[in-house]
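Here is how the chains run, residue by residue.
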Amino acid sequence: MITHGKNIKIFAGNSHPDLAKQIGDILGIKVGDSKVTTFSDGEICVNINETVRGMDVFIVQSTNNPVNDNLMELLIMIDAFKRASAGRITAVIPYYGYARQDRKAKARDPITAKLVADILTATGADRVLTMDLHASQIQGYFNIPLDHLLGTPILAKYFIQKGFDEKDDVVVVSPDLGSVTRARKFADKLHASIAIIDKRRPRVNVSEIMNIIGDIKDKTVILVDDMIDTAGTITNGANALIERGAKEVYACCTHAVLSGPAIERIKNSAIKELVMLNTINLPENKILDNFKILSIAPVFAEAIRRIYEDISVSKLFED
């Protein structure tokens, strides 16, 4: 329950109203009265039905599919609150869309993650609160404060509660070279060894397993990644691990994007259980029996409380 003297309000866009409500319930705050609709031609319309003058406003909106609609909703809401004289506006973006376009991979590529950061700032956001950016350097794209929360501790806690810590037959596996640091931190929490899948990607959203570095034979393995999109990397990795002698395969991620053939691939894969965080609001038809969805509401509520009360948020960044 927040008892700070200043006024605070939490509002939600259409991408994840349930998460906003969970956060509000933890803080003892009712989600603000606003409505985001569209005109007949598709233009977005925002109505704020209560005063926000001088208040500390937090807008909860993930920019997942439909990415452009959700991003425009967020931008228009920020503009509306700015023009309504809100004291401070924090964009709470559990899943930051366009984060994979963080550099020039080839000639004439845009750096869209930087463009989105510039637009958010120009629109009037005073700070951003997000989780597990695909590339940590995106934090430097903002000229306003950005608080970057971590999903690994929540995922690791779940497996510790299942009794996976300090066991010789548990191995944490990185699905590619880029996720090795994340896997190592996860393994440290479970006091487990790690292995690495060395793969190459012949084209976008297509991966090919090349080699597995580390001992996974007769082991229970946990694949750890920041996001699962088309699920090619994670399912190919799981199948390759079983083929090479792993006993059973669990997988976990922060962002369950699950686009295209993802659900069918996971259904037909060797993954025993897929653990994910609710940074993205999954529709019922994308939730399988072997999915376990953990809530990020407690950590986001604590971050919002600390931002609101002007106390340190840095403890929440610790892995």
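Residues numbered from 1 in each chain as written. Predicted model: local features only at pLDDT ≥ 70, side-chain atom pairs only at ≥ 80, totals over all residues. Heavy atoms only, no water.

1. Things to note about the overall build of the protein
Applied cut-off: Helix and strand assignments come from DSSP, with helices taken as H or I runs of at least 4 residues and strands as E runs of at least 2, each series counted from the N terminus. C-alpha atoms define the radius of gyration, and 2.2 Å times the number of residues to the power 0.38 defines the globule rule. Exposed residues in this analysis have more than 50% of their type's maximum accessible area, buried residues have under 20%, and partly exposed residues fall in between, with area computed by a 1.4 Å probe over protein chains only. Contacts are assigned to residue pairs with any non-hydrogen atoms lying within 4.5 Å of each other. Calculation of accessible area relied on Shrake-Rupley with a 1.4 Å probe; when residues are assessed, cover is drawn exclusively from the protein chains displayed. Charged residues are defined narrowly, with Lys and Arg counted positive, Asp and Glu counted negative, and His plus the chain ends left uncounted. All charge positions are set by atom: Lys at NZ, Arg at CZ, Asp at CG, Glu at CD.
The number of helices and strands found in the protein is 8 helices and 14 strands. Whereas a compact globule of 319 residues would reach a radius of gyration of roughly 20 Å, the protein reaches 20 Å, a difference of no more than 12%. Over its C-alpha atoms, taken along the principal directions, the protein stretches across nearly 60 × 45 × 35 Å. Expressed as a percentage of the 319 residues in the protein, the buried residues total 54%. Within the protein, contacts between residues at least 6 apart in sequence are counted, and of these 65% link residues at least 24 apart. In the form shown here, the protein has an accessible surface area of approximately 14600 Å², with 47% of it arising from carbon and sulfur atoms. Across the protein, the 39 positively charged side chains and the 40 negatively charged ones have centroids separated by 2 Å.

2. Thoughts on helix 1 (residues 17-27)
To be explicit about the condition: Each direction from the helix axis to a C-beta atom contributes to the arc, which is the arc of those directions.
Of the positions making up helix 1, those classed as buried are L19, A20, I23, G24 and L27. Taken end-on, helix 1 shows its buried residues confined to a sector of 135°, consistent with a single buried face. Buried residues belonging to helix 1 abut strand 1 (8-12), strand 4 (56-60) and helix 8 (297-308).

3. Here's the deal with the UniProt feature "binding site: D-ribose 5-phosphate" (unreviewed entry) in the protein
Applicable threshold: UniProt positions are given in the numbering used here, feature names are shortened, and annotations may be inferred rather than shown by experiment.
As annotated by UniProt and renumbered to match this structure, "binding site: D-ribose 5-phosphate" (unreviewed entry) occupies R201, D225, D229, T230, A231, G232 and T233. Take D225: its relative accessible area is 9%, and that puts it in the buried class. Excluding residues that lie within four positions of it along the chain, D225 makes contacts with P175, S179, R182, I234, C252, C253 and T254.

4. Topic: unusual backbone geometry
The omega angle of the peptide bond from N65 to P66 is -5°, so this bond is cis rather than trans. Tracing the sequence through the fold places P66 in the loop between strand 4 and helix 2 (67-83). Within the chain, D218 stands out as a residue other than glycine whose phi angle is a positive 60°. Here D218 is to be found in the loop between strand 10 (206-213) and strand 11 (220-228). Under the relative-accessibility criterion, D218 is labelled exposed at 52%.

5. Considering the sheet that holds strand 6 (residues 127-131)
Worth spelling out the cut-off: Two strands qualify as a pair provided that DSSP identifies no fewer than 2 bridges between them. The axes are straight lines fitted to the C-alpha atoms, using for helices just the contacting stretch, and the angles between their N-to-C directions are given from 0 to 180°.
What the 5 strands build is an open sheet, ordered 1-4-5-6-7; its pairing is parallel. The open sheet has two edge strands with one neighbour each: strand 1 and strand 7 (146-149). In this sheet, adjacent strand axes meet at a mean angle of 15° when their direction is disregarded. Inspection of the sheet shows strand 1 paired to strand 4 by 5 bridges, in the parallel sense.

6. A few points about the environment of L258
Position of L258 among the secondary structure elements: in the loop between strand 12 (248-256) and helix 7 (262-267). It is 6.8 Å that separates the C-alpha atoms of L258 and A231, two residues lying 27 residues apart in sequence. When neighbours within four sequence positions are excluded, L258 is seen to be in contact with I228, D229, I263, I266, L282, K286 and F291.

7. Considerations on the environment of A303
By secondary structure assignment, the location of A303 is in helix 8. Each C-alpha atom of the pair A303 and T235 lies 33 Å from the other, and the pair is 68 residues apart in sequence. With sequence-adjacent residues up to four places away left out, A303 is seen in contact with L129, L149, V313 and L316.

8. Details of the pairing of strand 12
For clarity, the threshold we go by: Orient the strands so they point away from the viewer; a crossover is then right-handed if the path from the first strand over the helix to the second runs clockwise.
In terms of burial, strand 12 is largely enclosed, as 8 of its 9 residues are buried. Across 8 bridges, strand 11 lies against strand 12 in parallel orientation. The residue of strand 12 that forms the bridge with M227 is H255. Note that the unit made of strand 11, helix 6 (residues 232-243) and strand 12 has a crossover that is right-handed. Where strand 12 lies against strand 13 (residues 271-277), 5 bridges are found, and the strand directions are parallel. Bridging from a neighbouring strand, C253 pairs with M276 of strand 13. For the segment spanning strand 12, helix 7 and strand 13, crossover handedness is right-handed.

9. Structural notes on the side chain of D56
As for its placement among the helices and strands, D56 is situated in strand 4. Look at D56 and you get buried, because its relative accessible area is 5%. In this structure, D56 is in contact with K6, N7, I8, K9, R88 and Y308, ignoring residues within four places of it in sequence.

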